[in-house]
Structures are given as structure tokens and as C-alpha cells.
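# Structural features, examined
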Amino acid sequence: MKRLIINKIALSLSVLSALIGLVFLAWILVTLFSKGINSLSFSLFTQDLINGGLRNLIFGQFLMALIATIIGVPLGMMAGIYLREYGHGKYANIIRDLSDIMMSAPSIIIGSFVFVLIVEPFGSINGWAGSIALTIMLIPIVVSTTDNMLSLVPKELREAGIALGGGKHQVILSIILKAARVGLMTGILLGFARIIGETAPLLFTSGTNSFWTTDLNNAFPSLTVSIYNLANFPTDKARDLAWAASFILTMIVLFINIVGRFFTRDKG
Amino acid sequence: MAKKLIMDIKDFSFRYAGAEKPSLMSINLPVHKNKVTAMIGPSGCGKSTLLRALNRIHDLYPGHEYQGKINLLNSSSGENENILDIKKENDFIKLRQRVGMIFQKPTPFPMSIFDNVAYGLKLAGIKNKTILEEKVVSALQGSAIWTEVKDRLKEDAMGLSGGQQQRLCIARAVALRPEVLLLDEPTSALDPISTGAIEELVTELKKDISIVIVTHNMQQASRLSDYTAFMYIGKLIEYNKTDKIFLNPKEKLTEDYVTGRFG
């Protein structure tokens, strides 16, 4: 009898905690939606910021995150493969620890670093600098995902490949990466979702731009930086637009996360 | 007919990287051509360690120490080659094509049934599609799995049952036409019916291939093997024809083990 009561108490406490978490998520979404509703319209996606829309900002944010992914994923994956498959002992452990520390580095520091490294010598803020700042954020995430996902592949699979006359690199490329592909894809998607919502690394690197542009050598449109700017504007219209932009950004991140989870649930 | 040895293990000792004591001490064991040799013994006796030395799969991890000789007969020249002398990656690859291995848990690769069997062949440099197909089909036929998979060669190998997966792994190894096949407790993760199918297959395979099998199951050793080696704490205690080991062992320890008094 006592066990049953304790069980019920524990169960209700867990359910309560889960609900509290969900309430905040719902609260955030509802607030963003209700505050942004005034300016939420289809024209947000067809007009640029200069005309009261968000088109160029969404495009700019995506493009910078995409460039970061294209540069960061191969680098991070190769580093992760090195750590799990080739690196043994002290040297690999130091790299693994450094990568973990990088993952928790404050993003504003990474922004400042890229500012000194690229923006200052270049002379002005630009889209490349923003992409590189995001790349630096992404690499440790990809390293750690690759390292973890490869560790889940049973060692028998590696041995079976070797036993059939495969070289180590052939076995890794043709078997191990395939066996871990669902996890790796999920990791990359979640990494992408993480960097697409970043503001601090872009603040002094890409800045933002009110006009449509594809020229990465100039100040580049960024949704997050513009939210920051618009929220500080004195007009109600600007602040409404900031709310709408926040809602759209949240939906984008949420969507990518759900797609990522869906992958793992389906096949993991 | 003179007894032909495909492999001959001479005064072989093995120490794992970082271990204080060797795991195998002065092992002398012949492996007869086209026969099944079983290695039995309680857990930790070193039988799997010995098996894994026969294709040098230990070398996947650095730092292990070998001593003695493991000779592998080169059928064409009739000469013995000591596989412990192998140092070059290319020679390791050749060794593993000649000495195949099957693991305790089935290890299908995450690809189609066809590609699983073609994997080793492609590594061996066979690119011609017709030849590949011929070899894959004959390997599957020779591994008693053809009728079950012939209509689903393009399907993912992960969808097969455990017993089918294990026979697929055997087909994959057999496709390379190895001279020796090493089986590391190949049925301990399978149900009795799948086990029966594998055992039947092993008996069939020994016409072409010499087989070394590690097993915990003494009935299996006595049913399948022509020769049996009993090992205990890193040493080979007794080796003989299987019926002698089971019916008339010379050593007290062997008798205690095969009659189930310990182990």
C-alpha cells in the first residue's frame, strides 16, 4: 500500500515537472504569436526590411547558417572521425576536451574573436565574417556528435569489415559512417538549428542590412540582429515587427528540431 | 593419405597490450585441411584469443605481443608462411581474404543483401558486374540462404532474422573463397533451428574450406568437429580426434570438463 502511494506521488511530481516545462514553451509561443499578430502577414515574406518585411533577413540568416554548415560539417566530421577511430591516448583526449570547452564558450566571445580576426583587417562588417563566426560555433557541436554517434557503432562491425580484407579507412567510409548516418544527420540538423538562432556571433561580424543583398562582402541581413535592433526602436510598428520576426524565428528553429527528432524516432 | 595441415600453430604465446601476463602460453596446435577443428574450454581460457590470432584481427588494436609461429600453407607453392611475420597492410588484407572470420553476433552491414556479399569481392578488386553477380549468387547458394533471399537481394540486410543474418555473414566470407574459416561461437546468439541450419552448413562447407570453430556448446563440438582442442587458462591441455577427447580423454581436466564437472 505504501509503495503504491509513493509511486503515485513520484508519478504526479514527474508529470507536474513535465507540464511546467511545456507550459513555458506554450507560453513563449502564445506570447510571441499574440504580440506579433499585428504585423504577421504574408507580405513579411515578400518585402525586405526597408519596406517593412523580413524577406531579406530570413534569407540572410539562412545563407550564413548554410555556409557555416558547408564549411563546418566536413571539418567537424573529420575531426570526430579522428577522435573516435584513430586518436588514442593523451593527444586525442586533449583535443576532445578542447572541443567540449569550445562548445560552451560564450557566443559573444566568438563574435569578438572573429571581429578582431576578420572584420578589423577587412575594414568593415561583412557576411563572410558572420558565416565564419557561426562555423566556429558549429564545429565543436559536429565534432561531439560524430564522436558520440560513431561510439555507438558496435566494434564487431569494424572487425567484420577488417576480416573481409578491408583497410581501416575503407571500413570507416563504407560501413561505419553508413551505420551511424541517422544519428549523424540528426546531429547536423540540430547543430544547424542551434546556429540559425544565434545573435551574439553576428552582432559585430555580419551586422544586419535593411536591403536585399547577396553580396557577402558587405553588411549582411540577419534576422536575429534585426530583432535586437528593432526591439530598441522607439516606434510601435518596429517593435511589432520584432515580435513577428521572433515568432517566425522560433517556428523555424522548432521545425528543424522536430524534423531532427523525427529522424531519430523513426529509425534510431 | 598423408595428413595435410593447412595451419600449424607452433609454440605460440600471446600477450594483450598492457597486460601483465600472457593470455596464451606455448600453444602447439595443428589445423587439418578440410576438417573441422573445435576449440572448447571454460570462459576466459583463451580460445577466442587464439582464434583471433589466426587472421591477426588483434592487430586492429595496437600493442599486442606475439611469440612463436603460426604457419599457413600456401597451397600453390606447398610452402609454409608464418603469418606472424606479416607487417604490411597489403599482406594483412591478403591474409584476411585467405582466412575468413564469423563472429558471435551476426554483423550484417547497413546495406542491401547483395551489397553485403559483394562487399569483400569489391575490396578484392572485382569490378566486372557479371562476375560479381555470379560470385554473389553462388556464395548465397553455397551458404543455404539463397532460396530465402533470392527475391529480395536489393532489400536491407538488417531486415533478415538473426539466423539468416548469420548465414548471410557466412556467405559474405565464403564469397572470397577463403582457405580457412574461423567461427567464433557462431550460434550462441541463435535459436535451435537456426543453429541447426548453421551446423549443417558448416559440415557442407568443409569440403572446400578448413574450419576452426570456438564453441561453448560441447554437444556442438562433438557433433560438428573432427578434431577438438581443450584449453584451460591460456594453455592447450589436450588435442586429439574429437571422439577420443569426448570418449577417452587422457587428461583428468579434460574429462572433468567434457563430463560437465566444471566450466
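First things first, this report covers the structure right here in the doc.

Criteria and cut-off values
Residues numbered from 1 in each chain as written. Chains lettered and ligands numbered in written order. Predicted model: local features only at pLDDT ≥ 70, side-chain atom pairs only at ≥ 80, totals over all residues. Heavy atoms only, no water. Buried < 20%, exposed > 50% of the residue type's maximum accessible area, 1.4 Å probe, protein only. Helix = DSSP H or I, 4+ residues; strand = E, 2+ residues; numbered from the N terminus. Phe/Tyr/Trp six-rings, centres within 6.5 Å; stacked < 30°, edge-to-face > 60°. Lys NZ or Arg CZ within 6 Å of the ring centre and 35° of its normal. Patch = residues over 30% accessible without salt bridge, like charges linked within 9 Å, V, L, I, M, F, W, Y side chains within 5 Å. Areas by Shrake-Rupley, 256 points an atom, 1.4 Å probe, with all protein chains shown as cover. Salt bridge = Lys/Arg side-chain N within 4 Å of Asp/Glu carboxyl O. Lys, Arg positive; Asp, Glu negative; His and termini not counted. Charge placed at Lys NZ, Arg CZ, Asp CG, Glu CD. Contact = heavy atoms within 4.5 Å. Buried area = accessible area lost by both parts, 1.4 Å probe. Polar contact = N/O pair within 3.5 Å; in protein donor to acceptor, adjacent residues only side chain to side chain.

The subject of this paragraph is unusual backbone geometry. Most peptide bonds take the trans configuration, and most residues that are not glycine carry a negative phi. Residue and element names in this part refer to chain B. Although it is not a glycine, Arg-56 adopts a positive phi angle of roughly 55 degrees. Arg-56 sits in the buried class, given a relative accessible area of 5%. For Ala-144, which is not glycine, the phi torsion reads 55 degrees and is therefore positive. Position of Ala-144 relative to the elements: it lies in the loop between α4 (129-142) and α5 (146-149).

A separate point is the packing of aromatic side chains. Each pair of aromatic rings is reported with the distance of its centres and the angle of its planes. Evaluated as defined, the whole model comprises 12 aromatic pairs over all chains. Taking 5.8 Å as the distance between ring centres and 10 degrees as the angle between the ring planes, the aromatic pair formed by Tyr-227 of chain B and Tyr-239 of chain B counts as stacked. Remark: Tyr-239 of chain B occurs in strand β10 (residues 235-241) and Tyr-227 of chain B occurs in strand β9 (residues 227-232); sequence separation between them is 12 residues. Exposure remark for Tyr-227 of chain B: the relative accessible area of 8% places this residue in the buried category. With a relative accessible area of 21%, Tyr-239 of chain B lands in the partly exposed category. Put simply, the rings of Phe-12, Phe-14, Tyr-16 and Tyr-66 of chain B pair up and form one aromatic cluster. Between the NZ or CZ atom of Arg-55 of chain A and the centre of the ring of Trp-212 of chain A, over which it lies, the distance is 4.7 Å.

Here we come to a positive patch on the surface. Residue and element names in this part refer to chain B. A grouping of Lys-35, Lys-241, Lys-244 and Lys-250 is seen on the molecular surface, where their side chains present a positively charged patch. Topologically, Lys-244 is positioned in helix α9 (residues 242-247). In this structure Lys-244 comes out as partly exposed when scored by relative accessible area, which is 43%.

Turning next to the interface of chain B and chain A. Accessible area lost when the parts come together is the quantity often used to give the size of an interface. Counting from both sides, the interface comprises 23 residues of chain B and, opposite them, 20 residues of chain A. When chain B packs against chain A, the two sides together hide about 1900 Å² of surface, and 70% of this comes from carbon and sulfur. Summed over the shared surface of chain B and chain A, the number is 1 salt bridge. Residues Arg-52 of chain B and Glu-159 of chain A are paired through a salt bridge, measuring 2.9 Å at the closest nitrogen-oxygen approach. On inspection of chain B and its partner chain A, the count reaches 3 residue pairs in polar contact (both at pLDDT 80 or more).

Read these as layout, nothing more, since geometry by itself doesn't imply function.
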